[in-house]
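Chain by chain, the residues run as shown.
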Amino acid sequence: MMKKLILIIVTVFSFSVLADAHTESAENLIEALKIDESLEVTAKGFRPAMLSQYAQFIDPNNGDEATLAVSYSYIQRKILIDFYQSEKVRGAIISLYMDSFTQEELDNLVRFYQTPLGQKMVKESTVIQQKIQPILMNEAKSIQPLVQELISDFKKEIQRMRDSNR
């Protein structure tokens, strides 16, 4: 009985240590990838869209209203940054990496991303992401009529299904 108890304790403890090491490897990768900085850049990239949200409600000729819109867009950006950097979001990111990669794979990725080439990849990925965002937003506008047509067709099809079931 004592041997079984010791075996169970050793097994549980070993699993716990392995899980902690896996978590630590995922955390190290997040640090090497500079995920927090990347999310902050993403939040800052949303600022023009946030500002345009507020701008639709103001009189553009009224300087006080324009200043207020700018202030609110900065507040919204801060809220978004805080959200991205929250423990809940960080935990979710860690879990995703742990689900996708073994501890050994994570350790290998960390080693790569800590090299000069790996750090260049991290830096350039952020720059590329910033440059591609306006391109994607502009291109998304070009497919908006198609998306609207698709939604309209979907609504019609749903209505036909409902009418046929009556």
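A few points on the structure.

Cut-offs applied
Residues numbered from 1 in each chain as written. Predicted model: local features only at pLDDT ≥ 70, side-chain atom pairs only at ≥ 80, totals over all residues. Heavy atoms only, no water. Salt bridge = Lys/Arg side-chain N within 4 Å of Asp/Glu carboxyl O. Helix = DSSP H or I, 4+ residues; strand = E, 2+ residues; numbered from the N terminus. Buried < 20%, exposed > 50% of the residue type's maximum accessible area, 1.4 Å probe, protein only. Patch = residues over 30% accessible without salt bridge, like charges linked within 9 Å, V, L, I, M, F, W, Y side chains within 5 Å. Areas by Shrake-Rupley, 256 points an atom, 1.4 Å probe, with all protein chains shown as cover. Lys, Arg positive; Asp, Glu negative; His and termini not counted. Charge placed at Lys NZ, Arg CZ, Asp CG, Glu CD. Axes fitted to C-alpha atoms, helices over the stretch in contact; angles between N-to-C directions. Parallel < 35°, antiparallel > 145°, perpendicular 65-115°, else oblique. Left-handed = near helix turned anticlockwise from the far one by under 90°. Contact = heavy atoms within 4.5 Å. 1 Å grid on protein atoms, 1.4 Å probe; cavity = no way out; pocket = protein on both sides within 12 Å on 5 of 7 lines; lining within 4 Å. Points joined across faces, edges and corners; volume = space filled by probe spheres on them. Nonpolar A, V, L, I, M, F, W, Y, C, P; charged D, E, K, R; others polar. Expected span 1.5 Å × (residues − 1). Arc of directions from axis to C-beta. Polar contact = N/O pair within 3.5 Å; in protein donor to acceptor, adjacent residues only side chain to side chain.

1. Considerations on the pattern of salt bridges
So, point 1. Following the criterion strictly, the structure yields 4 salt bridges and no others.
So, point 2. For Asp82, the salt bridge is made with Lys78, and the minimal N-O distance between the two is 2.7 Å. Of this pair, Asp82 and Lys78 both sit in helix 4 (residues 63-84), 4 residues apart, roughly one helical turn.
So, point 3. Residue Asp82 is classed as partly exposed on the basis of its relative accessible area of 40%.
So, point 4. For the salt bridge of Glu157 with Arg160, the shortest nitrogen-to-oxygen distance reads 3.2 Å. Residue Glu157 and its partner Arg160 are both found in helix 7 (residues 116-164); the two are separated by 3 residues, about one turn of the helix.
So, point 5. On the accessibility criterion, Arg160 (52% relative accessible area) is exposed.
So, point 6. Look at the salt bridges and you will find they share partners, linking Glu31, Asp36 and Arg90 into a network.

2. Considerations on a negative patch on the surface
So, point 1. Together, Asp20, Glu24, Glu27 and Glu87 line one region of the surface with negative charge.
So, point 2. By residue number, the principal contributor to the negative patch is helix 1 (residues 2-33), which donates 3 residues.
So, point 3. Here Asp20 is to be found in helix 1.

3. What about the packing of helix 2 (residues 35-45) against helix 4?
So, point 1. The geometry of helix 2 relative to helix 4 is characterised by a closest axis approach of 9 Å and an angle of 155° between their N-to-C directions. The pairing of helix 2 with helix 4 is recorded here as roughly antiparallel in orientation. When you trace helix 2 past helix 4, the crossing you get is right-handed. Contacts from Leu39, Glu40, Thr42, Ala43 and Lys44 in helix 2 reach Arg77, Leu80, Ile81 and Tyr84 in helix 4.

4. Examining the layout of surface pockets
Picture a little ball the size of a water molecule; that probe, rolled over the atoms, points out where space is still empty.
So, point 1. There is about 300 Å³ of room inside the largest pocket.
So, point 2. Together, 15 residues line the largest pocket, and Leu33, Val122, Lys123, Ser125 and Thr126 are the ones closest to its centre.
So, point 3. Elements with a contribution of two residues or more to the lining of the largest pocket: helix 2 and helix 7.
So, point 4. Sort the elements by how many residues they give to the lining of the largest pocket and helix 7 lands first, with 8 residues.
So, point 5. Tallied by class, the residues present in the lining of the largest pocket amount to 7 nonpolar, 5 polar and 3 charged.

5. As for helix 4
So, point 1. Under the 1.5 Å per step criterion, the end-to-end length of helix 4 is 32 Å for 22 residues, consistent within 8% with the ideal 32 Å.
So, point 2. The set of residues buried in helix 4 consists of Ala69, Ser73, Ile81 and Tyr84. Buried residues of helix 4, viewed axially, fall in a sector of 115°; they line one side. Of the residues in helix 4, the exposed ones pointing more than 90 degrees away from the buried face are Asp64, Thr67 and Ile79.
So, point 3. Contact partners of the buried residues in helix 4: helix 2, helix 3 (47-55) and helix 5 (87-100).
So, point 4. N-cap assignment for helix 4: the residue whose side-chain oxygen lies 2.9 Å from the backbone N of Asp64 is Asn62.

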